[in-house]
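Geometric and topological summary
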Protein chains: 2
Amino acid sequence: MLSNHLQNGMETARLVWSRLPNTEDGEFDAIGISKKSDGSSVESLDYEVIENYAYREEQAQRGKLFVIYQVAVKWFFALLIGIGTGLAAVFINISVENFAGWKFSLTFAIIQKSYLAGFLLYVLFNLLLVLSSVYIVTQFAPAAAGSGIPEIKGYLNGVDIHGILFFRTLIGKIFGSIGSVGGGLALGKEGPLVHTGACIASLFGQGGSTKYHLSSRWLQVFKNDRDRRDLVTCGCAAGVAAAFRAPVGGVLFALEEVTSWWRSQLMWRVFFTSAIVAVVVRTAMGWCKSGNCGHFGSGGFIIWDISGGQEDYSFQELLPMAIIGVIGGLLGALFNQLTLYITSWRRNYLHKKGNRVKIIEACLISILTSIISFGLPLLRKCTPCPEADPSSSIECPRSPGMYGNYVKFYCSKDPEYNDLATIFFNTQDDAIRNLFSAKTVHEFSAQSLLTFLVMFYTLAVVTFGSAVPAGQFIPGIMIGSTYGRLVGMFVVNFYQKLNIEEGTYALLGAASFLGGSMRMTVSLCVIMVEITNNLKLLPLIMLVLLISKAVGDAFNEGLYEEQARLRGIPLLESRPKYEMRKMTAKEASGNQKVVSLPRIAKVADIVSILRSNKHNGFPVIDHARGGETLVIGLMLRSHLLVLLQSKIDFQHSPLPSEPRVGARQIMHNFTEFVKPVSSRGLSIEDIHLGSDDLEMYIDLAPFLNPSPYVVPEDMSLTKVYNLFRQLGLRHIFVVPRASRVIGLITRKDLMIEEQENGELDNVELQSTSVRARRRDKRMTSAEVEDPLLNGLLQNHSSSRS
Amino acid sequence: MLSNHLQNGMETARLVWSRLPNTEDGEFDAIGISKKSDGSSVESLDYEVIENYAYREEQAQRGKLFVIYQVAVKWFFALLIGIGTGLAAVFINISVENFAGWKFSLTFAIIQKSYLAGFLLYVLFNLLLVLSSVYIVTQFAPAAAGSGIPEIKGYLNGVDIHGILFFRTLIGKIFGSIGSVGGGLALGKEGPLVHTGACIASLFGQGGSTKYHLSSRWLQVFKNDRDRRDLVTCGCAAGVAAAFRAPVGGVLFALEEVTSWWRSQLMWRVFFTSAIVAVVVRTAMGWCKSGNCGHFGSGGFIIWDISGGQEDYSFQELLPMAIIGVIGGLLGALFNQLTLYITSWRRNYLHKKGNRVKIIEACLISILTSIISFGLPLLRKCTPCPEADPSSSIECPRSPGMYGNYVKFYCSKDPEYNDLATIFFNTQDDAIRNLFSAKTVHEFSAQSLLTFLVMFYTLAVVTFGSAVPAGQFIPGIMIGSTYGRLVGMFVVNFYQKLNIEEGTYALLGAASFLGGSMRMTVSLCVIMVEITNNLKLLPLIMLVLLISKAVGDAFNEGLYEEQARLRGIPLLESRPKYEMRKMTAKEASGNQKVVSLPRIAKVADIVSILRSNKHNGFPVIDHARGGETLVIGLMLRSHLLVLLQSKIDFQHSPLPSEPRVGARQIMHNFTEFVKPVSSRGLSIEDIHLGSDDLEMYIDLAPFLNPSPYVVPEDMSLTKVYNLFRQLGLRHIFVVPRASRVIGLITRKDLMIEEQENGELDNVELQSTSVRARRRDKRMTSAEVEDPLLNGLLQNHSSSRS
């Protein structure tokens, strides 16, 4: 029955997948699902530098000083991203802790008189918070729903999803996650914080939000997707660092899980951002210690210190730990599969019916969660407190209004506590802290843990995919630590040793579930170490992660990959598929006709070409001196649209524009060609041209990318894939084999020493003296015989400099 | 004076650099220095898969099962590398600790009677150990000298240095570093352990050492440089993990500092190797606890636990910490510059004179070190012990034969200790532990620390580059922690607060010096955290590293980069140089004539071409049906040499080999073309051909790489660089612009779903239904019209399958 459903889920998912939004030439109407349901559409990013005339112009005007300025701005932005994300995290945490604090203290006060009134208040409080969250998300920022990590992963892989990095998404994410987490749903604020960090970074990257008039021309330094991508990477790391107070973990998360390209320099800047976040959060928490932040302070912000726990382990314990790993892999894979199924069902049926359904759904889930978390502990018989241990500071039952273990709930006698309420009727942070706690052997009964596991697992699966900001880290840790502690209880009973702590097993359980679901390795390991502040358990966490990831991988892909697929985000994995070895580039590109443009194109022709297809890049073909054709570059749709809209480059003659009229072109600077992040950009429908305009011509030579990467037609697709993926390309030309080889480039040709004076003429390759002499000759001869495109562009350049 | 010398040093370095070993077309005899002095020569590695006929043959014979088998072997090898490196580290540590233990206990026993006799014994003991080390290195394994990290970095960047990964180098490294570290020189065993790990990995990668008959055909699974490179990356991480007992630090070191290419999958395997190392080391240390390992156990293996130290810090302390960062940057940069100067002087003058000079040099350095470390504490007046603190377990003076603070040395009265001997007359591990120690305020006088700093810095600079295995981590930590503790003393005196520990400042000093010298960031930070077992200082370590690296970068490059340059290892940085924006591919390749081969080449012609130049790759040009020329691929020199040596592919006719004689070619399997790691391979001088042979022909088509990457002639060098660097290429063809575009490849064309049954015919691209239908047609038509090279290869393929 279940497996049948799973099969269906997979089928549905595959169907959705096969109808992947088709940016290149697909008919958008035929895609349906992912377009209609939330209006999302994906478009590839241009990580490649478009070395067109405007870009060269820009480069030529800028000296070394500008490079230094740009680097300085990058670091300054990294600083700002760190501060911004840190403050956002502090704000979210203070708000959530205060809402939760008011809720629980009020409820505890009222249930002293009436459990029913307390229950109603509890349900209502949660409902209001969740309602505010889902309202913000559905009405104001639809892209803020969910965790956002798959989308950010997609962005850093080279696909821009509409709306994902807007300013409104940022606002929706912050306030939405306060509502959803404060409202006690089975979700966390960690995923949303990553998205928040990325949004902040992206806003800096494009110099503020243009829509809300928060932008400044001065800040618009980064005019290509590549620099923006680096900033977003910093933002991701800052988000994780802020969410878990795990700076190193944040860096590793950004590198391992999110980015697709990686450089040492970037690592250094990402690291800096994380360090800033750590300082900001620490300062804010120091400020809160003096009581400025209400309920926040005693329980807030992760770090579940287990340094008082188990320090050592025996080899006998490795078996139960391995079992935890296996359980984590199985439950994690099941979680991925169930959420995939439910999300695809939601997308296909439920969420199609509009925002009202989404709101009702979230409210129902909130009421259900409240009923279960309040009601189940009521059914549970209280346990007498263990004998007080004078060396331990743990009270039983805990004093009212405090955080801690041994919650007294619906107990008749005084030295009693309700073990189910200790984990269920609590904020998730406190529940985890209780599950991780050492020196509290036999605090929980197996029955309570099992009940909680089943109930919470179900709630987490059901909550996943509702229209509120939702992270999966904290629910994962909750689930994992529950069965971990369960295993730990058996181990304690079986081995009868004193130094085994149930809390340690809870920690390993948490690691195993996250490993089994998200399939991260190094970063997760470091995050677990940082949040528990205990390095000694590192090898054990490693072991458990290895097992749980391996087990999970046997069933399905990681949570984020599965969700990205479902959302139609075409992630390119780092490794080419096996089948690609047997395919050639020509086969992959299909035998559909390539739509190309002439160098001097008639406006009417351009418009009709843009209307007739959805291609985003067009080869430009020119006739060279000898009469044969020559591919002179690639023209992007978005750039064509900019040209059509501005009209200033239109000319009457179908000949290359004459020299000495360059004053015109100077109006086009590189900035105009930059597409705003996450926006749909111009469309051909937005452009209205008179009949006079349509009869004009445009010389495309100054605007095209003169050297897109090319591959010979019979290159194996594996190699093409590597080229595309490693360099983050958007278009590759498949061309016939060359007729001759002009030169060979090897490592030595690329070993150029940077000269102190920075002048081009003095560039001299480091090589043997014989070759160096030859090279000098070459440099001068190269200046005489201009390269091809320089010849094409000669008119323009001579008119300027 | 000094700056003048520095200038000279830089000049010399630049000279050496400009005479960089020239694998492509340089005359080796003209290079001199780096060739003659240690016989080293560099050659680029082939990370690109050569998709020639033999490779395709190999691939075709192998199914999915082989892929699984290969993955399993990779993991199994990762396990073996972990175990091997862990055991090597344990062996080195046990040996060093025992030698040092004997040395110090004997000396302490004898100095009770006579300081002169003790001194002589001490000098002799050290001298013997160093002599054994330098003898092993010079006579047996010259590539084992130095740290080996620059060479490994070069290997992973794509340059193979002769001898660097031999079995004899491994042996030399292990025994050599026991001698040099045990002999008390100012160097560490951490760098050599990284090299050891890499050697072990490489030996697994090529299936054992062929020279020493330790190889097994069964193990030779990895037949390309790419898989071997991944294993070597694992080995590096294992080395660091074993050296510092820092598994996460090891992974990060391998990723940040050593590798040039990085993939998530690799991270996972590297992580596994590190975890294995941690387990092996832990098991071995558990076994040693029962007293099986002599002196090893109490003091051995890093982890200088400072968890008892400072837990918190105030904002006032940030200023002295920033000062530590600046000092670290300055001293680190100076260290790099001085070592660069001394190493280049050694290479140019001293080491040219042969092995005897190297041996004498090392012995002199050993005697000097012994005299300073024994003599200086003698001159120092002893200090009375501080009043005993009952809560502290630190004894003063320490009991004889123990490790710890407060060493009694040349003191007349009993409750006295010699603070200079505490750090100088000790193993470096113990000295660092003493410098890091908390609760020992005012143990050291400023005068002693300053003396030690100057003396040890000088010794470290002088020792660097002598012909013994030498790491720079431990000396760096020694230097850094000395001035760190010095600053800490002033801070303690100035702020007069109780919770400030000098040991914390010593740790920050250590981090700052390593940051200023090696310029690592995240990995160094994690290593420092792991070796001190204290997460709370993470933000402070980050701060100090940021400052010291920034300061150091203002002066010169990192230690390993500088050394790599000096050794003529052409490392390609991840970022192209600024000047490259203004150069084109054609300019970079030079206008020297490209030497190309015809498809059917006469043996005599091939031999004369191979003799007349040093190129490692040759384009192969054929005449297509229409009569025009066509570049059909790239032929490697090493492959040509294999063909010439085996002679079995010679044919009499200058026409493509006829069908139905394929039985011949089957004798060439892919393995024969694989070049052993670090070896020079075949040379044209090794091949002797009779006059009959010279008149024969070879059809090169089955052996060439049919699709090397190509770039158009006027592509900017920045883009070419990115292509070369990101994909780890060895040759790029510069070709004329294409005349037409056959197809365009975009992201969607690469989104291929892997089919369950794995059959090629069922491969279907995930796209809209319209396109998918087109594609089906395409697949069949593609089978009819064979791509170009398949046509060329038709004879062979039809003869086989």
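Worth saying up front: this structure is predicted, and the values here are computed from it rather than measured.

1. Looking at the domain arrangement of chain A
We note that the domain assignment places domain 1 (64–289), domain 2 (315–567) and domain 3 (579–657 + 671–750) within chain A. Put simply, the middle of domain 2 of chain A and the middle of domain 3 of chain A, counted by C-alpha atoms, are 53 Å apart.

2. What to know about the interface of chain B and chain A
Of the residues lining the interface, 150 residues belong to chain B; the matching set on chain A comes to 150 residues. For the pair chain B and chain A, the summed buried surface comes to about 14500 Å²; carbon and sulfur atoms form 63% of the total. Taken together, the connections running from chain B to chain A amount to 0 salt bridges. Where chain B packs against chain A, one counts 25 residue pairs in polar contact (both at pLDDT 80 or more). Considering only residue class, the side of chain B that touches chain A consists of 74 nonpolar, 38 polar and 38 charged. Bridge count for strand S13 (residues 743–745) of chain A against strand S12 (residues 732–735) of chain B is 3 bridges, and the pairing is antiparallel.

3. So, the sheet that holds strand S11 (residues 710–712) of chain A
In spatial order, the strands read S11(A)-S12(A)-S13(B); together these 3 strands make up an open sheet with mixed pairing. Either end of the sheet is taken by a strand with one partner, and the two such strands are S11 of chain A together with strand S13 (743–745) of chain B. When strand polarity is set aside, the average angle formed by the axes of neighbouring strands in this sheet is 35°. Bridging between S11(A) and strand S12 (residues 732–735) of chain A involves 3 bridges; their strand directions are parallel. Residue pairing for S12(A): Pro712(A) is matched across the bridge by Val735(A).

4. Overview of the packing of aromatic side chains
In the structure shown here, the tally under the stated rule is 54 aromatic pairs over all chains. Look at Phe374(A) and Phe409(A): their rings are 5.4 Å apart centre to centre, the planes differ by 85°, and that puts the pair in the edge-to-face class. With Phe374(A) in helix H14 (residues 355–379) and Phe409(A) in the loop between strand S3 (383–384) and strand S4 (416–417), this residue pair connects regions lying 35 residues apart in the sequence. Pairing Phe91(B) with Phe175(B) gives two aromatic rings, centres 5.8 Å apart and planes at 70°, and the pair type is edge-to-face. Separated by 84 residues along the polypeptide, Phe91(B) in helix H5 (residues 64–111) and Phe175(B) in helix H8 (residues 167–182) bring together distant segments of the chain.

5. With respect to the nonpolar core
Formed by 301 residues in total, the largest nonpolar core has its most connected members in Phe473(A), Ile541(A), Phe473(B) and Ile541(B). Setting aside anything within four residues of it in sequence, one finds Phe473(A) in contact with Glu190(A), Phe244(A), Phe253(A), Leu514(A), Met518(A), Met520(A), Leu524(A) and Tyr560(A). Judged by nonpolar contacts, the second largest core, of 44 residues, contains Met580(B), Met583(B), Ile732(B) and Ile745(B).

Calculation notes
- Residues numbered from 1 in each chain as written.
- Chains lettered and ligands numbered in written order.
- Predicted model: local features only at pLDDT ≥ 70, side-chain atom pairs only at ≥ 80, totals over all residues.
- Heavy atoms only, no water.
- Domains from an automatic or database assignment.
- Contact = heavy atoms within 4.5 Å.
- Buried area = accessible area lost by both parts, 1.4 Å probe.
- Salt bridge = Lys/Arg side-chain N within 4 Å of Asp/Glu carboxyl O.
- Polar contact = N/O pair within 3.5 Å; in protein donor to acceptor, adjacent residues only side chain to side chain.
- Nonpolar A, V, L, I, M, F, W, Y, C, P; charged D, E, K, R; others polar.
- Pairing = 2+ DSSP bridges.
- Helix = DSSP H or I, 4+ residues; strand = E, 2+ residues; numbered from the N terminus.
- Axes fitted to C-alpha atoms, helices over the stretch in contact; angles between N-to-C directions.
- Phe/Tyr/Trp six-rings, centres within 6.5 Å; stacked < 30°, edge-to-face > 60°.
- Core = buried A, V, L, I, M, F, W, Y, C linked by side-chain atoms within 4.5 Å.
- Buried < 20%, exposed > 50% of the residue type's maximum accessible area, 1.4 Å probe, protein only.

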